[in-house]
Amino acid sequence: KDIYQHNLLNINYNGYLLKMKEYAETNDVPIMQDEGIAFLIMLLKVKRPKRILEIGSAIGFSSSVMALNSDALIDTMERDLKMISECKKNHEALGISNRIQLIEGDALETFEKVKDNKYDFIFIDAAKAQYINFFEMYKTVLTEDGIILSDNLYFHDLLFEEVNNRDLRQLVRKVGKYNDFLINHQEFETHIFKIGDGVGVSTRK
Ligand code: SAH
Ligand code: MG
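Computed from a predicted structure; not experimentally measured.

Draft legend 1. Focus on the site of ligand 1. By nearness alone, 20 residues border ligand 1, and Gly-56, Ser-62, Glu-78, Ala-107 and Asp-125 come closest of all. Here a nitrogen atom of ligand 1 sits 2.9 Å away from a polar atom, N or O, in the side chain of Ser-62. A distance of 3.2 Å separates a nitrogen atom of ligand 1 from a polar backbone atom of Ala-127. Contact with the protein chains covers 92% of the free accessible surface of ligand 1, which is 580 Å².

Quick look at the structure:
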């Protein structure tokens, strides 16, 4: 049944992407899993974006998938030095570094670098505690009919659990607050799906 379900997602990772998945698994890098990736690919096929902004590149897995499944120019932001070097290496190896620009630094501080651009697709997948700030900051560079996709909105289902660890509980609360923020937003309409770790799709009202 699992194999059948996986076949229906119809994801065809090349050998290099499979290696990246293995690396992520071994090194605990929280890349998007297959169901979320299939949803992301579907959105790209429907939307056909020209310019994509991603917040949270990690090893460049999702940005690689986006590059290989669209014609878009992609800007992706990452602050962790180890991730930055992995990401660069991977984009080069896949031969897609000409279409992806890696913007190094904290995404709360690198807005300047993209402020004159317009993106028709923005993917928020970084530190959960900052999601509201990212959304409010980067909605200003979204085209009128653009889409903002947010990941991890069910946060490993912890929203519904008793969480003992204090820091983790704070994070879970932040994700809950972000969900409320999205659902009650004045300018955007959002639908949140229990796909993968939970994805939210936001468009202007
Ligand atoms: N989108 C990736 C996974 C991203 S994991 C994929 O699916 O393949 C989240 C990443 O966001 C981590 O690498 C972390 O270092 C980065 N990150 C978290 N907060 C950030 C911030 N404020 N600015 C830039 N990068 C951030
Ligand atoms: Mg994620």
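Draft legend 2. Layout of a positive patch on the surface. Taken together, Arg-166, Arg-169, Arg-173, Lys-174 and Lys-177 make up a surface patch of like positive charges. Within the element layout of this structure, Lys-177 appears in helix H7 (residues 166-183).

Draft legend 3. Region of the structure containing the layout of surface pockets. Taken as a whole, the largest pocket encloses approximately 580 Å³ of empty space. Residue lining of the largest pocket: 29 residues in total, with Gly-56, Glu-78, Asp-125, Ala-126 and Ala-127 positioned closest to the centre. Those elements that provide at least two residues to the lining of the largest pocket are helix H4 (61-68) and strand S2 (73-78). For the lining of the largest pocket, a count of residues per class yields 16 nonpolar, seven polar and six charged.

Draft legend 4. Local environment of the coordination of the magnesium ion (ligand 2). Around the magnesium ion (ligand 2), the donor atoms from the protein are Asp-125 (OD), Asp-151 (OD) and Asn-152 (OD1), and they sit 2.1 to 2.2 Å away. Each donor residue of the magnesium ion (ligand 2) belongs to the same chain, with the gaps between them written as D-x25-D-N. Remark: Asn-152 occurs in the loop between strand S5 (142-151) and H7 and Asp-125 occurs in the loop between strand S4 (119-124) and helix H6 (131-138); sequence separation between them is 27 residues.

Draft legend 5. Examining the nonpolar core more closely. Core analysis: the biggest nonpolar cluster contains 35 residues, and Ile-37, Ile-59, Phe-61, Met-66, Phe-121 and Leu-149 have the highest contact counts within it. Of all elements in the fold, only helix H2 (15-26), helix H3 (34-47), H4, S4, S5 and strand S7 (199-204) reach the threshold of two or more residues within this core. If you tally residues by element for this core, the top one is H3, at seven residues. With sequence-adjacent residues up to four places away left out, Leu-149 is seen in contact with Phe-39, Leu-40, Leu-43, Phe-121, Ile-122, Phe-123, Ile-124, Val-199, Gly-200 and Val-201.

Quick notes on the rules
- Residues numbered from 1 in each chain as written.
- Chains lettered and ligands numbered in written order.
- Predicted model: local features only at pLDDT ≥ 70, side-chain atom pairs only at ≥ 80, totals over all residues.
- Heavy atoms only, no water.
- Near = heavy atom within 4 Å.
- Polar contact = N/O pair within 3.5 Å; in protein donor to acceptor, adjacent residues only side chain to side chain.
- Areas by Shrake-Rupley, 256 points an atom, 1.4 Å probe, with all protein chains shown as cover.
- Patch = residues over 30% accessible without salt bridge, like charges linked within 9 Å, V, L, I, M, F, W, Y side chains within 5 Å.
- Salt bridge = Lys/Arg side-chain N within 4 Å of Asp/Glu carboxyl O.
- Lys, Arg positive; Asp, Glu negative; His and termini not counted.
- Charge placed at Lys NZ, Arg CZ, Asp CG, Glu CD.
- Helix = DSSP H or I, 4+ residues; strand = E, 2+ residues; numbered from the N terminus.
- 1 Å grid on protein atoms, 1.4 Å probe; cavity = no way out; pocket = protein on both sides within 12 Å on 5 of 7 lines; lining within 4 Å.
- Points joined across faces, edges and corners; volume = space filled by probe spheres on them.
- Nonpolar A, V, L, I, M, F, W, Y, C, P; charged D, E, K, R; others polar.
- Donors = N, O, S within 2.8 Å, 3.2 Å for Na, K, Ca; no water.
- Core = buried A, V, L, I, M, F, W, Y, C linked by side-chain atoms within 4.5 Å.
- Buried < 20%, exposed > 50% of the residue type's maximum accessible area, 1.4 Å probe, protein only.
- Contact = heavy atoms within 4.5 Å.

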